[in-house]
Amino acid sequence: MKKIYLLALVFMFVVSVSSVCAADNNTTDTGVEINNTGVVDTPTYNFKSIQDDIDSGKQKIDLTGDYLRDNRDKDIVVKGNVTIDGHGHKIDAQNKGGIFKLDPKSNLTLINLTLMNGLSNIGSAIDVKDSTINANNVKFVGNVATLNGGAIYLHVNSKGNLNNVEFESNAAKTAGGSIYSNQNATLNVNNTVFTKNYATERGGAIYAYENHMGLSNVTIRDNEARRGAGIYAIGDFILNIDDSEFIDNHAVDEAGAIGLYRGCGCVMNNVTLKGNQAISGAGIYAERNSILNVSDAKLISNKKLGTTRKCISNGGAIHLGDNSKGFIRNVSFCDNFATSGSAIYSAANCVLNVSDAKFVNNLVVIGDHTYDLYKCLGTVYLGSKSEGYFNNVSLYV
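What counts and what doesn't
- Residues numbered from 1 in each chain as written.
- Predicted model: local features only at pLDDT ≥ 70, side-chain atom pairs only at ≥ 80, totals over all residues.
- Heavy atoms only, no water.
- Helix = DSSP H or I, 4+ residues; strand = E, 2+ residues; numbered from the N terminus.
- Buried < 20%, exposed > 50% of the residue type's maximum accessible area, 1.4 Å probe, protein only.
- Contact = heavy atoms within 4.5 Å.
- Areas by Shrake-Rupley, 256 points an atom, 1.4 Å probe, with all protein chains shown as cover.
- Pairing = 2+ DSSP bridges.
- Axes fitted to C-alpha atoms, helices over the stretch in contact; angles between N-to-C directions.
- Core = buried A, V, L, I, M, F, W, Y, C linked by side-chain atoms within 4.5 Å.
- Salt bridge = Lys/Arg side-chain N within 4 Å of Asp/Glu carboxyl O.
- Disulfide = S-S within 2.5 Å.
- Polar contact = N/O pair within 3.5 Å; in protein donor to acceptor, adjacent residues only side chain to side chain.
- Arc of directions from axis to C-beta.

(A) The arrangement of the overall build of the chain in detail. Looking only at helices and strands, the chain has three helices and 38 strands in total. Burial statistics for the chain: of 397 residues in total, 49% are counted as buried. Of the contacts formed within the chain by residues at least 6 apart in sequence, a portion of 78% connects residues at least 24 apart. With the model as given, the accessible surface of the chain reaches about 17700 Å², and the carbon-plus-sulfur share is 49%.

Right, dumping it as structure tokens:
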């Protein structure tokens, strides 16, 4: 009997040692779990872990896994100066609420991180109140606002500095599918891509109201809204855009790529607008009292949403509203379509100055019939009491 009992103990010991060894074989020296297929399982944490680090006064936080919002979590509140390096990880709100809220006078810097599936009234990934958000190598994916600013909402006097950022499939019920930038805010966007973002009303990618805004080396592609599918800019300020492209954006009404409203001006250099669609101003729609300055640009195949060569109201590439001014230099207009002004439409009391420009195969469309420049003289339309000045301009059909 004693021998049997002893053998049982030995067997239990061997089994225990084998189990411990097996567990050790599935864990790296850093404590990262490895599943039975040999693939590393990324550890996950909840939002409270980040909030605890911020509340403890940490100014630099390095993420070691993915962070998922659970039902008990609240939005992460940032106070003071905080830098978060995601090291390629993600913060996923799982459509259970927002992600970050910045208290006034705070400064949040995000690096190497993905923010996704935020859900809130405004700024579902980042809600910035009189503070500064800096983002470098960050992705915003699938964030939804029930009002404005699907991913980011900049309140009055706030600042956003974005570099090497991707916005994809973010949405807002009203305005600013990716970004809503409010009055007197400052928004600087560099080396950034906006793809498949949506706003029900205005600004599929960006909505900006009377603020300081500059874009450089930005791609805005395949975004949608009722007006301003790429950018909707409103109020007395100048929008600066350099070395950028607007491709295949779709507006239900006007402003397929860019909409300028209530006196907003725009200075564009080395920009391409191609394949954008809208009822009027498929490329650029400038409402009354706007100033538009475009140089070294290409405007190609901008036309009515959902059709090939059927009725756009006015302005296939550019629409200038009453009392507006347009300065166009070294620009190529190719294959744009409209009822009036297939390349440029200017309404009443406008001033249009065009130099060193090429107009190629821009067609006027009336009903189901297509007419070329020489039949309709419709490539450029000048409204009542408008003035047009043309220097070194080439026309091709």
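This is not the end of the story, as more comes after the structure.
(B) Main features of the sheet that holds strand 14 (residues 152-154). Here twelve strands make up an open sheet; going across it, the order is 6-8-11-14-17-20-23-26-28-30-33-37 and the pairing parallel. Edge positions in the open sheet fall to strand 6 (76-78) and strand 37 (380-382), since each of these has one partner strand only. Neighbour-to-neighbour, the strand axes of this sheet turn through a mean angle of 5 degrees, independent of strand direction. Inspection of the sheet shows strand 8 (residues 100-102) paired to strand 11 (residues 126-128) by three bridges, in the parallel sense. Within the sheet, the bridge partner assigned to Phe-100 lies in strand 11 and is Ile-126.

(C) Spotlight on unusual backbone geometry. In this structure, Lys-105 is a non-glycine residue whose phi angle is positive, near 65 degrees. Along the chain, the position of Lys-105 falls in the loop between strand 8 and strand 9 (107-116).

(D) Region of interest: the nonpolar core. Counting 77 residues, the largest nonpolar core has Phe-100, Ile-126 and Leu-239 as the members making the most contacts within it. Not counting residues up to four positions away in its chain, the partners in contact with Phe-100 are Ile-76, Val-78, Ile-84, Ile-91, Leu-108, Leu-110, Leu-115, Ala-125, Ile-126 and Asp-127.

(E) Quick peek at the pairing of strand 7 (residues 81-92). As paired strands, strand 4 (residues 60-62) and strand 7 are joined by three bridges and run parallel to one another. Residue pairing for strand 7: Ile-61 is matched across the bridge by Ile-84. Both strand 5 (residues 66-68) and strand 7 contribute to a ladder of two bridges, which runs parallel. The residue of strand 7 that forms the bridge with Leu-68 is Asp-92. Inspection of the sheet shows strand 7 paired to strand 9 by nine bridges, in the parallel sense. For Val-82, the partnering residue across the bridge sits in strand 9 and is Leu-108.

(F) Expanded view of the pattern of salt bridges. Taken as a whole and judged by the stated rule, the model has 14 salt bridges. A salt bridge links Asp-62 to Lys-60, with the shortest nitrogen-to-oxygen separation between them at 3.5 Å. With a relative accessible area of 43%, Lys-60 lands in the partly exposed category. With a closest N to O distance of 3.7 Å, Glu-245 and Arg-221 form a salt bridge. Note that Glu-245 is positioned in strand 24 (residues 238-247) and Arg-221 in strand 21 (residues 212-221), a separation of 24 residues in sequence. On the basis of relative accessibility, which here comes to 28%, the residue Glu-245 falls in the partly exposed class. Given the relative accessible area of 34%, Arg-221 is considered partly exposed. Three or more residues joined by partner-sharing salt bridges are found here, namely Glu-201, Arg-226, Arg-227, Asp-253 and Glu-254.

(G) Summary view of the pairing of strand 29 (residues 291-300). Across seven bridges, the pairing between strand 27 (residues 265-274) and strand 29 is parallel. Residue Cys-266 lies in a different strand from strand 29, and its bridge partner there is Leu-292. Taken together, the nine bridges between strand 29 and strand 31 (residues 325-334) define a ladder with parallel strand orientation. Across the sheet, Leu-299 pairs through a bridge with Phe-333, a residue of strand 31.

(H) Here's a closer look at the state of the cysteines. This model, assessed by the stated rule, comprises zero disulfides. Left without a disulfide partner, Cys-266 is nearest to the cysteine sulfur of Cys-264, which lies 7.0 Å away.

(I) Examining the side chain of Asp-75 more closely. When you line up the elements, Asp-75 lands in the loop between strand 5 and strand 6. Within polar-contact distance, the side chain of Asp-75 engages the side chain of Arg-69 at 2.5 Å. Once you skip the residues sitting within four places of it in the chain, Asp-75 turns out to touch Gln-51, Arg-69, Gly-97, Gly-98, Ile-99 and Lys-101.

(J) Spotlight on helix 2 (residues 47-55). Where helix 2 is concerned, the buried positions are Phe-47, Ile-50, Gln-51 and Ile-54. Take helix 2 and look down its axis: the buried residues cluster within an arc of 100 degrees, on one side only. Directly after helix 2, the chain includes Gly-57, whose backbone phi takes a positive value near 95 degrees.

(K) Inspection of the environment of His-319 at higher detail. Position of His-319 relative to the elements: it lies in strand 30 (residues 318-320). Between the C-alpha atoms of His-319 and Arg-288, which are 31 residues apart in sequence, the distance is 10.0 Å. Other than its neighbours up to four places away in sequence, His-319 contacts Ser-280, Gly-281, Ile-284, Tyr-285, Ala-286, Asn-314 and Tyr-345.

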